[in-house]
Amino acid sequence: MTKQPVWALAAVSFFLLIVVQTAAGQSYTRSVTPFPVTREGEPVALPFLGGINEAKPSLVDFDGDDRLDLLIGERSGKILYLRNTAPSGEPAFEVISNRLGGVDVGSWFAAVDIDADGDMDLFCDNRNGGVEFHRNDQPGLSPDFVLVDSSYDGLMTGVNNTPVLFDIDSDGDLDFFLGGVTGTLAFYRNDGDSTTPSFTFITDSYDSIAAFPGGGAKRTADQRHGFSCIHFADINDDGDGDLFWGDINNVNLYLFANLGTPNVSDLTYETDTFLPGNTVGFNHATTADIDGDGDLDLLIGVGNGSALDNLRLYRNNGSASSASYVLENLNFVDNIDVGSNAFPAIGDIDADGDLDMIIGRFDGRLTLYENTGTPLRPVLSHRTDFFASIDVGTFAAPVLVDWDSDGRLDLLIGTGGGRIEYWRNIGTADSIQLVQESNQLAGIQVDQYATPRSGDLNGDGLTDLVVGEWDFNSRANIRLYQNTGAEGNPSLSLVTAALLPVITPRDYASAQIYDGDGDGRPDVIAGTAALGLTLWRNAAAPGQMPDSLTLIPQSAVIPGTDDGLFPAVVFADFDGDGDDDAVVGEGNGGLNYWSRDGSCCSGTAGNVDADSSGAVEIADIVRLVDWLFLGGSDLSCLPAANVDGDAMGVVDLRDAIYLINAVILGGPPPAPCN
């Protein structure tokens, strides 16, 4: 929970209401903006949204409020739902769901109102090459998707081919099109009506289209054609649908202009380089009038493994009838995203009393976000993507720890080569200066992608180590190392090379040392590529080092377990409220933040000044206004100031208004602590 600047109230909503409860009864809520984050002095709108790789966007009015929302399909099969809250003009997005409707959409989706009942239904990949249909029985922000058919009408798309539903003949119902792997266009005419579709196969070579590099109209397809994403839009405002075709073998975008009429199409090849500049290819197009100026803008999700700069906005600076596109933004959604395999480390690297954050990247470098706020009011400011000029090659997994016990934070970095580099801090407490002491700490060598974490597992005051890995043969595991040295002179001894059951195949494993069950003893939290995070309870005798027999897997929910592939979790009290929040890095290169809910607030919120009487009174109003607007000292318990109990999880002007209404005007009392 954090104080929210007044200027943000009219911009974007920052909180995604997903709550989990751990085995210890600890409740965590996922927060997209728990506190301000800046890049180059500008606020990052949705910093802890998570990463976006191989985006498959769709601009549609999903909630029926006449504003364009944004749905983004991800390679994991989730749909991210961003609702547009702007009254007009440029969109402002709030996060509604990071897994829309709980549906696994596989490699593609299409959101359309197929039954004309006023809400968006969902067609998607059934992960067997066919089409799955989910009917939406509830309009608005919280759809109720009902699986109607897991193999709809026998339609087959294959894997990773995105079809489109579009009324090509202007008869009031949606027809079905699919780009074939040979570059031809299959057409299924809807012979039903707007409420009851019935698709009839007509041809697998509609309008004799052949999409291929360097091709032309009505010509034979080239064998280099592959997976496709097709999209219809009236790009020249002549009343019919023109066809965009993204192809895995085309670093640009095909356009087939419709030279026919709204009732009888004539799709004719125009160009295979429609975009003003190339990407890495497999471009997924969606069009809409994003800025409300009367013409269609273009949003491109870049596939082909694209990890950065993969959601590109092309602004139409021409007109509705004569489009002229200019690349305006490489990353339409503003978040923290380091590309792939974000691996966070948290610590006070400048000894100013608050927590800073370093993020390991797949390119082997480190990103630094310095905390320029205070312990209770953090502000993370991006400083560099090349921290300390460190480059470990491929894959960097950092740990901030005082390894030599000299009172300064050092850096251990797991590398893609399976080793751990030790960078010792020879600077001062408030000015970190790192020198490499070893490129293979303690001779540790795992298969690939070493993922170290540190902590005292047996309570002897010495820092032990857990190390995960990636294994090509799906035998990835977690190693436990006990520190058998002395303070200031660590020495690591292998306890077990196989914490996880060897009979279970897995290609990736990471670990964190943390008291996950609240019993006062450190446990191990293990992360695997596809199964999320699992708590392994420490059942060793007090003072004994746990091993594969005394670390027992639990069914407890860990915050961030559904935050994507290759999770890497770290716990820290970022907001200074006395309990640890969780930051989870993920394979898509983003971060997710899980806020531990209000342990310092008891019963009902409102006792902002934390006086012993616990009464909610005018003094609390004065204290809140002083902190919000007059630069007053930090509050001792932020959850107590969240008097309106909103899901935003921030303390802002609305809380002050709510408190004034409750204390002075007889309005409803403050909400229960959350």
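These numbers were taken from a predicted model, which means no experiment stands behind them.

### Looking at the overall build of the chain
Across its full length, the chain carries 2 helices and 45 strands. Over its C-alpha atoms, taken along the principal directions, the chain stretches across nearly 80 × 65 × 40 Å. Looking at the 674 residues of the chain, the share that counts as buried comes to 55%. Put simply, of all contacts in the chain between residues at least 6 apart along the chain, 47% involve residues at least 24 apart. Element-wise, carbon and sulfur atoms account for 50% of the exposed surface of the chain, whose accessible area totals about 24,800 Å². The chain carries 33 positive and 100 negative side-chain charges, and their two centres are separated by 7 Å.

### Some thoughts on helix α1 (residues 618-629)
Taking 1.5 Å per residue, 12 residues should reach 16 Å; α1 reaches 16 Å between its end C-alpha atoms and fits that length. For α1, the full list of buried residues reads Asp620, Ile621, Arg623, Leu624, Trp627 and Leu628. All buried residues of α1 fall inside an arc of 165 degrees around its axis, so they share one side. The outward face of α1, more than 90 degrees from its buried face, is lined by the exposed residues Ile618 and Val622.

### Points about the sheet that holds strand β20 (residues 254-258)
Read across the open sheet, the 4 strands follow the order β18-β19-β20-β21; overall the sheet is antiparallel. Only two strands of the sheet have a single partner each, and these edge strands are β18 (228-233) and β21 (267-271). Ignoring strand direction, the axes of neighbouring strands in this sheet form an average angle of 25 degrees.

### Side note on the environment of Asp573
Looking at where Asp573 falls in the secondary structure, it is placed in the loop between β42 (568-572) and β43 (581-585). Residue class for Asp573 comes out partly exposed when judged on its relative accessible area of 23%. Each C-alpha atom of the pair Asp573 and Asp515 lies 14 Å from the other, and the pair is 58 residues apart in sequence. Ignoring anything within four residues of it in the chain, the contact list for Asp573 reads Leu355, Gly578, Asp579, Asp580 and Asp581.

### Considering the side chain of Thr162
Locating Thr162 in the fold gives a position in the loop between β13 (145-149) and β14 (164-166). A relative accessible area of 8% means that Thr162 is categorised as buried. In this structure, Thr162 is in contact with Ser107, Trp108, Ser228, Cys229, Ile230 and His284, ignoring residues within four places of it in sequence.

### Brief notes about the packing of aromatic side chains
Counted according to the given criterion, the structure contains 31 aromatic pairs. Note on Phe35 and Tyr593: the rings are 5.4 Å apart at their centroids and 85 degrees apart in plane angle, and the pair reads as edge-to-face. You can see Phe35 sitting in the loop between β3 (27-31) and β4 (37-39) and its partner Tyr593 sitting in strand β44 (residues 591-596), a full 558 residues away along the chain. The two residues Phe35 and Tyr593 agree in class, both being buried. Three or more aromatic residues link up through ring pairs in this structure, and these residues are Phe123, Phe133, Tyr152, Phe176, Tyr188, Phe199 and Phe201. Positioned over the ring face of Phe386 is Arg365, at 3.8 Å from the centre of the ring.

Basis of the calculations
- Residues numbered from 1 in each chain as written.
- Predicted model: local features only at pLDDT ≥ 70, side-chain atom pairs only at ≥ 80, totals over all residues.
- Heavy atoms only, no water.
- Helix = DSSP H or I, 4+ residues; strand = E, 2+ residues; numbered from the N terminus.
- Buried < 20%, exposed > 50% of the residue type's maximum accessible area, 1.4 Å probe, protein only.
- Contact = heavy atoms within 4.5 Å.
- Areas by Shrake-Rupley, 256 points an atom, 1.4 Å probe, with all protein chains shown as cover.
- Lys, Arg positive; Asp, Glu negative; His and termini not counted.
- Charge placed at Lys NZ, Arg CZ, Asp CG, Glu CD.
- Expected span 1.5 Å × (residues − 1).
- Arc of directions from axis to C-beta.
- Pairing = 2+ DSSP bridges.
- Axes fitted to C-alpha atoms, helices over the stretch in contact; angles between N-to-C directions.
- Phe/Tyr/Trp six-rings, centres within 6.5 Å; stacked < 30°, edge-to-face > 60°.
- Lys NZ or Arg CZ within 6 Å of the ring centre and 35° of its normal.

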